[in-house]
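Chain and residue survey
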Amino acid sequence: MVNLSAKHQLTTTELQLLEHATNLVPYLQKFAPQIDEERHIPDEVIQKVSDAGLFKLGTLKKYGGYEVSIRAMVEIISEVAKGNGSVGWVVQIINGNNYNVSLSLPGETLDSIFSQEEEIRFCSVLAARKAVVKKVEGGYLVEEGFWGFGSGSKHATHAFINLLDVKSMQQSKSTGMMLAVVPMHEVTIVDDWYTMSLKGSASNSLEIKNVFIPEKYVITQDLSHVSTLPAELEGIDRYKPYTQVTTAITTGISAVLGLARGAIEYFAEKAPNKGITMTTHTSQAEVGHIQYKVGLAAMKVESAHLHISRAIDHLEHHVQNGERFTLKEFAQIQTDITYASMLCWEAVDMLMAESGGGVIADSNRLSQIFRDIRGGANHALTTASTGLELYGRVLMGLPPQHVMTLSAAAFFKTNELSELKL
């Protein structure tokens, strides 16, 4: 069971969803070899996850979802990832994207999307490798577009994509995005996800050619020019000014945390009956340095959880009280998430080193966790080096290098960024 203080207890509904996720863990573990071998999640597993309500965590209540808290989303999805990293990643991505879409699009547009009978699931790519887009009457024509790493695309109903490619954004030095909703039947999924990690996430590239997108399904998101404070908004809309940092929490760290938790449990379960080759030790659990390593690994994962909780606490405090962030506070949230990711990876890496030669087998559960968490920790939103560089720069009075930080300048307490030499 997760370690939550009384102050941060989940609601009855959220606890039920957490229990559903916990009950799925043994079921998901059985499918691990098949998921990696086939490089996608079987339909029956997707259906099982759907029946448990776990694709509706980030969907608004008025559309039949659960609209759980950010904290609950992290805890529930991390539990799914204990069962299987790829499934946890896809559940994380779809829920995070559904939440992001709800914060980004106008109510009328959301009504037209979520009024459909099918369960709505969004995949998303926020940087195009190539995008040739023309403004035409009534909307936009995507003559040609290519987006990499479309996690969850095989199980999505819609894609939420940036119509600006990386090159044009870099040339214009813009932190804004032109985001569009495209039904998946108009998107070609390119089968190019051949990886060592998160194989079943099927994070394939997406391709679009000669597709018209009505204007109401396209928005420009540039938080650097927005001045509305959360106190002036109501309900979930209070999170709109912080869409990007909310996305960093809901689509980045949950699966990584769950994988690390799963590694600790698996190693502790196997250690009593596993010896150490070329020694007289018949039980790893009785060996001092193994005890030390398990204790240290567990503390790293628990410390990661504390950093994630601090990030959520800080975000919630500022949102609920309508307060602006200081540059340091905002950078700290981002760094908490990336540092937590690094701690989780280090914990799994330590346990791998004490697992003997047999751990390199593809069929070994710890081996799969090791591969999956390495990919998850390399995600742009969870890369420790990027977050630690950001925090170090801010502490030393240098301008941030992180695009997300730069785009949130309008919500800082003072004009801190303008005072720094960018």
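Read on for a plain summary of the structure. (Residues numbered from 1 in each chain as written. Predicted model: local features only at pLDDT ≥ 70, side-chain atom pairs only at ≥ 80, totals over all residues. Heavy atoms only, no water.)

**Things to note about the overall build of the protein**
Under the convention used in this document: We count a stretch as a helix when DSSP gives it H or I for four or more residues in a row; a strand needs E for two or more, and each element gets its number in order from the N terminus. With C-alpha atoms as the basis for the radius of gyration, the globule rule is written as 2.2 Å multiplied by the number of residues raised to the power 0.38. For every residue, the accessible area (1.4 Å probe, protein chains only) is compared with the maximum for its type, and the residue is labelled buried under 20%, exposed over 50%, or partly exposed between those bounds. Contacts are residue-level and defined by heavy atoms, with any inter-residue pair within 4.5 Å sufficient. To measure how exposed things are, a 1.4 Å probe is used in the Shrake-Rupley method; for residues, cover is taken only from the protein chains shown.
Scanning the protein for helices and strands turns up 15 helices and 8 strands. Its C-alpha atoms give the protein a radius of gyration of 22 Å, within 12% of the compact-globule value 22 Å for 422 residues. Counting only residues that meet the buried cut, the protein has 56% of its 422 residues in that class. The contacts in the protein between residues at least 6 apart in sequence include a share of 71% that link residues at least 24 apart. Surface accessibility of the protein: about 18300 Å² in total, with carbon and sulfur atoms responsible for 52%.

**A word on a nonpolar patch on the surface**
Which entries qualify depends on this criterion: Only residues whose relative accessible area exceeds 30% and that form no salt bridge enter a patch; like-charged residues are grouped when within 9 Å of one another, and nonpolar side chains (Val, Leu, Ile, Met, Phe, Trp, Tyr) when within 5 Å. Whenever Lys or Arg places a side-chain nitrogen within 4 Å of a carboxyl oxygen from Asp or Glu, that contact is recorded as a salt bridge.
Among the surface-exposed residues, Leu395, Met396 and Leu398 lie close enough to one another that they form a single nonpolar patch of about 320 Å² accessible area. Its place among the elements puts Leu398 in the loop between α13 (384–395) and α14 (403–407).

**What about the environment of Gly262?**
Position of Gly262 among the secondary structure elements: in helix α9 (residues 254–270). The exposure class of Gly262 is buried, given its relative accessible area of 9%. Considered as a pair, Gly262 and Arg365 are 103 residues apart in the sequence and their alpha carbons are 9.4 Å apart.

**Section: the sheet that holds strand β7 (residues 205–214)**
This is how the line gets drawn: A pair of strands is considered paired only if DSSP assigns at least 2 bridges between the two. With axes taken as lines fitted to C-alpha atoms, and helix axes fitted only over the stretch in contact, angles between N-to-C directions fall between 0 and 180 degrees.
Pairing is antiparallel across the open sheet formed by 4 strands, whose spatial order is β2-β3-β7-β6. Of all the strands in the sheet, just β2 (128–136) and β6 (188–190) have a single pairing partner and so form its edges. The average angle at which neighbouring strand axes cross in this sheet is 10°, direction not considered. Looking at chain direction, β6 and β7 are connected through 3 bridges and run antiparallel. Bridge pairing links Ile189 to Leu206 in β7.

**Here's the deal with helix α6 (residues 107–114)**
We count it as follows: Taking the helix axis as origin, the arc is that swept by the directions to the C-beta atoms.
For α6, the set of buried residues is Thr109, Leu110, Ile113 and Phe114. The buried residues of α6 occupy an angular sector of 115° when the element is viewed end-on, so they sit on one face. The inward-facing, buried residues of α6 contact α5 (85–104), β1 (122–125), β4 (158–162) and β5 (177–183).

**Structural notes on the nonpolar core**
The condition that has to hold: Take the buried Ala, Val, Leu, Ile, Met, Phe, Trp, Tyr and Cys residues and link them wherever side-chain atoms come within 4.5 Å; each set so joined is a nonpolar core.
Formed by 122 residues in total, the largest nonpolar core has its most connected members in Leu54, Val87, Trp147, Leu163, Ile213 and Leu315. The element best represented in this core is helix α11 (residues 327–353), accounting for 14 residues. With 5 residues, the next largest nonpolar core counts Ala81, Trp89, Leu198 and Ala255 among its residues.

**A word on unusual backbone geometry**
For Arg39, which is not glycine, the phi torsion reads 60° and is therefore positive. You can see Arg39 is positioned in the loop between α2 (32–38) and α3 (43–51). In the Ramachandran plot, Ala202 falls in the positive-phi region, its phi being about 45° despite a non-glycine side chain. Here Ala202 shows up in the loop between β6 and β7.

**A few points about the packing of α11 against α13**
Operational definition: Small angles under 35 degrees read as roughly parallel and large ones over 145 as roughly antiparallel, with 65 to 115 read as roughly perpendicular and the rest as oblique. Here is the rule for handedness: rotate from the far helix to the near one, and if that takes an anticlockwise turn smaller than a right angle the crossing is left-handed, while a clockwise turn gives right-handed. Put simply, Ala, Val, Leu, Ile, Met, Phe, Trp, Tyr, Cys and Pro go in the nonpolar bin, Asp, Glu, Lys and Arg in the charged bin, and everything else, Gly too, in the polar bin.
Relative to each other, α11 and α13 sit at 150°, their axes nearing to 8 Å. Comparing their axes, α13 and α11 come out roughly antiparallel. Relative to α13, α11 is oriented so that their crossing is left-handed. Here Leu327, Lys328, Ala331, Gln332, Gln334, Thr335, Thr338, Tyr339 and Met342 of α11 come into contact with α13, specifically with Ala384, Gly387, Leu388, Leu390, Tyr391, Val394 and Leu395. Grouping the amino acids of the contact of α11 with α13 by side-chain chemistry returns 10 nonpolar, 5 polar and 1 charged.

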